[in-house]
Amino acid sequence: MKRAVFAVVGHPNKGKSSIVATLARNDSIEISQRSGTTDKAFAVKVETANSGYQLVDTPGFQRPTKVLKWLTDHQVSADKRAAVVAKFIHDPDCNQKFPDEVKLLTPIVNGAAILYVVDGSRPFGAEYESEMEILRWTGQPSMALINPIESETHVGDWQNALSQYFKTVRIFNPMKADFEKQIELLQAFSHLNPDWAVTLNQVTADLRQFRELQKKNAALLLARLLDDLCSYRTSQKVLNQSQADVIQPVLAKQYAHWMREREVQTVKELFALFEHFQTQVTIEELDLPPDLFECEHWYMWGLTKQQLATAGAIAGAVAGATADMMVAGHSFMLGALGGGIIGFGSAWMSADKLVTTKLKGLPLGGYEAIYGPIKNKNFPYVVLGRFIYLYQQICQRNHALRGNMEIQSKRLHEQISALESGDQKALHLACSRLIKQKNVDELSSLLLPLL
Ligand SMILES: Nc1nc2c(ncn2[C@@H]2O[C@H](COP(=O)(O)OP(=O)(O)OP(=O)(O)O)[C@@H](O)[C@H]2O)c(=O)[nH]1
Ligand SMILES: [Mg+2]
């Protein structure tokens, strides 16, 4: 089966590398505001489970009018135009005078199809006609992509101009195009050359399957995180009560550190799962004024009053427990917000109220100071809310985007309301069991509908 090759070409600084990065899901490709960032042509292989294709990133056109003049000066007859372009890229003099055009035309002469990229927020100008004319001379299959970098102001004019030279003209924004839009573009690619249709169709099928696999693996990561955070406890053997009092703040710090590190680890794994290796995440500390430390505000993290009542009722009915979630949740959030629940670099959960400190008599007459596990019934929902927010951000994040990601509060109740009632019930039961330190079978499958 023949694998497709596409050369992404155009004026400098129009988002060629951004398109390659997004389609190849590769966040290491250099993208910048500086014109001429890409100074050589390089192929990026997109490998899927059973297929693949190649994108070739290229430098932008620098002297298209002069290049077109060279080509017309060397033309013998219309049927030899592609041969003249081939002659151009091998000509030592042209290599010296027009290095960028030689680099960008070489993959096309070698058989790549053309993806011509323009910026729909800038007006069309005659200088682009030389570029399009040169590309037409190669005789290779081609498609034009309008990237509306800042706006769609000039998209209409561009469509008129481009359709003179290209059979297919599409709008594609590499920063915003979601998964389905990327798949649609790949499907359009498959029409460019019938020889590539089979392998490209396989690529889209593979990508869809991979997406499902990512979702399942994300559910596994979440299940492990939830289980670990809900069950973690740290302890220290001591001789007497006063020693236990002294050790308590140390255990509290240890506890908070472990919980933070455990969440950071999952965040890293989630980023790796979605092939984001360069992105930095900042999780801001919650900075709320004291008078906001009310019941209302912890809904941000967890559930609505009604959902809490339902969760409590289910848990109560099953385990005979009292539905005391409102009180428990309230005190939990006071602690959590007061201490700043998040922040990679800051105390994640420094509040004492978040955890329980216990003292237990030991058989030998000693004591054990114990910190954790968390008993608050709202806690699993807090963990879920944070993870799901992050998951949604990462799923939608294109690989052309650079810069940090910020994690903010998330309303989990919308996701829970969207679940079928059976799934909701199963989720509430699972959360209730976790907080009671009971085993939950198939936790990741129960979490999957949330993702
Ligand atoms: N907001 C926004 N910015 C974009 C978009 N596409 C590209 N950019 C920005 O435009 C600039 C140029 O993008 P590149 O992908 O490096 O462009 P290029 O065509 O490869 O540029 P050269 O390699 O210099 O020829 C970068 O700052 C991008 O972040 C877009 O769709 N939206
Ligand atoms: Mg570039």
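The structure displayed is predicted, hence computed values, not measured ones.

As a further point, take the overall build of the chain. From N to C terminus, the chain includes 16 helices and 11 strands. Summarising the internal contacts of the chain: among those between residues at least 6 apart in sequence, 73% fall at separations of at least 24. Of the accessible surface of the chain, which amounts to about 21100 Å², a share of 50% is contributed by carbon and sulfur atoms.

Another point: helix α13 (residues 379-396). Here α13 spans 26 Å end to end across 18 residues, near enough to the 26 Å set by a 1.5 Å rise per residue. Of all 18 residues that make up α13, 15 are buried, and the element is covered over most of its length.

In total, this model carries 13 aromatic pairs according to the counting rule given. Taking the centre distance of 5.4 Å and the plane angle of 70° together, the rings of Trp 70 and Phe 88 count as edge-to-face. You can see Trp 70 sitting in helix α2 (residues 64-73) and its partner Phe 88 sitting in helix α3 (residues 81-90), a full 18 residues away along the chain. Side by side, Trp 70 and Phe 88 carry an identical accessibility label, which is buried.

Before going further, it helps to examine the coordination of the magnesium ion (ligand 2). Protein coordination of the magnesium ion (ligand 2) is provided by Ser 17 (OG) and Thr 38 (OG1), with donor distances spanning 2.0 Å. Residue Ser 17 is found in helix α1 (residues 16-24), and its partner Thr 38 is found in the loop between α1 and β2 (42-47); the two are separated by 21 residues along the sequence.

Turning our attention to the pairing of strand β3 (residues 52-57). The element β3 is largely enclosed, with a buried count of five among its six residues. Two elements, strand β1 (residues 5-10) and β3, share four bridges in a ladder whose sense is parallel. Among the inter-strand pairings, Val 8 is bridged to a residue of β3, identified as Asp 57. Taken together, the six bridges between β2 and β3 define a ladder with antiparallel strand orientation. Bridge pairing in β3 places Glu 47 opposite Gly 52. Between β2 and β3, which follow one another and run antiparallel, lie four residues.

Okay, the pattern of salt bridges next. Taken as a whole and assessed by the stated rule, the structure comprises 12 salt bridges. Lys 69 is the partner of Asp 73 in a salt bridge, and the nearest nitrogen-oxygen pair spans 2.9 Å. Of the two residues, Asp 73 and Lys 69 both sit in helix α2, four residues apart, roughly one turn of that helix. A residue is classified by how much of its surface remains accessible, and Lys 69, at 52% relative accessible area, is exposed.

In the vicinity of ligand 1 there are 20 residues, among which Ser 18, Gly 36, Thr 37, Asn 147 and Asn 173 approach most closely. In the model, an oxygen atom of ligand 1 is placed 3.3 Å from a nitrogen or oxygen of the Ser 32 main chain. Relative to its unbound accessible area of 650 Å², ligand 1 is 85% covered by the protein chains. Of the residues forming the shell around ligand 1, the biggest block, three residues, is contributed by α1.

Here six strands make up an open sheet; going across it, the order is β2-β3-β1-β4-β5-β6 and the pairing mixed. In this open sheet, the two strands that pair with only one neighbour each are β2 and β6 (169-171). Adjacent strand axes in the sheet meet at a mean angle of 25° when their direction is disregarded. Sheet topology places strand β5 (residues 142-147) next to β6; three bridges connect them, and they run parallel. Looking at the pairing, Leu 145 lines up with Arg 170 of β6.

Core analysis: the largest hydrophobic core is formed by 50 residues, its most contacted members being Leu 270, Phe 379, Leu 384, Phe 387, Tyr 391 and Leu 447. Contributions of two or more residues to this core are made by α9 (197-231), α10 (241-273), β10 (367-371), α13, α14 (412-418), α15 (421-435) and α16 (443-447). Setting aside its immediate chain neighbours within four residues, Tyr 391 contacts Lys 215, Ala 218, Leu 270, Phe 274 and Leu 451.

Definitions and cut-offs
- Per chain, residues are indexed from 1 in the order of the written sequence.
- Chains carry letters and ligands carry numbers; both start at the beginning, A for chains and 1 for ligands, and go up in the order they are written.
- Given that this is a predicted model, residues contribute local features only at a pLDDT of at least 70 and side-chain atom pairs are listed and counted only at 80 or more, while totals for whole chains, interfaces and linings are drawn from all residues.
- To obtain the side-chain values, all non-hydrogen atoms of the structure were included, while hydrogens and water were left out.
- By the criteria applied, helices consist of DSSP H or I runs no shorter than four residues and strands consist of E runs no shorter than two, each listed in order from the N terminus.
- Here, two residues are considered to be in contact whenever any of their heavy atoms come within 4.5 Å of each other.
- Per-residue and other accessible areas follow the Shrake-Rupley method at a 1.4 Å probe size, with only the shown protein chains counted as cover for residues.
- By definition here, a helix of n residues has an expected span of 1.5 Å times n minus one.
- Burial status follows relative accessibility: with a 1.4 Å probe on protein chains alone, a residue under 20% of its type maximum counts as buried, one over 50% as exposed, and anything between as partly exposed.
- Each Phe, Tyr or Trp ring (for Trp, its six-membered ring) is paired with any other whose centre lies within 6.5 Å, and the angle between the two planes then decides the class: stacked below 30 degrees, edge-to-face above 60, tilted in between.
- The donor set covers N, O and S atoms within 2.8 Å of the metal, switching to 3.2 Å for Na, K and Ca, and it leaves out water, so a site may look short of donors.
- In this description, strands pair whenever DSSP reports at least two bridges between them.
- Only one rule defines a salt bridge in this text: a Lys or Arg side-chain nitrogen within 4 Å of an Asp or Glu carboxyl oxygen.
- The near set for a molecule or strand comprises every residue that places at least one heavy atom within 4 Å of it.
- Within 3.5 Å is the distance limit for a polar contact, defined as a pair of N or O atoms, with the added protein rule that one can donate a hydrogen and the other accept it, and that residues adjacent in sequence qualify only through two side-chain atoms.
- In this description, a line fitted to the C-alpha atoms serves as the axis of each element, helices being fitted only across the stretch in contact, and the angle between N-to-C directions of two axes falls anywhere from 0 to 180 degrees.
- In these notes, a set of buried Ala, Val, Leu, Ile, Met, Phe, Trp, Tyr and Cys residues joined through side-chain atoms within 4.5 Å is what counts as a nonpolar core.

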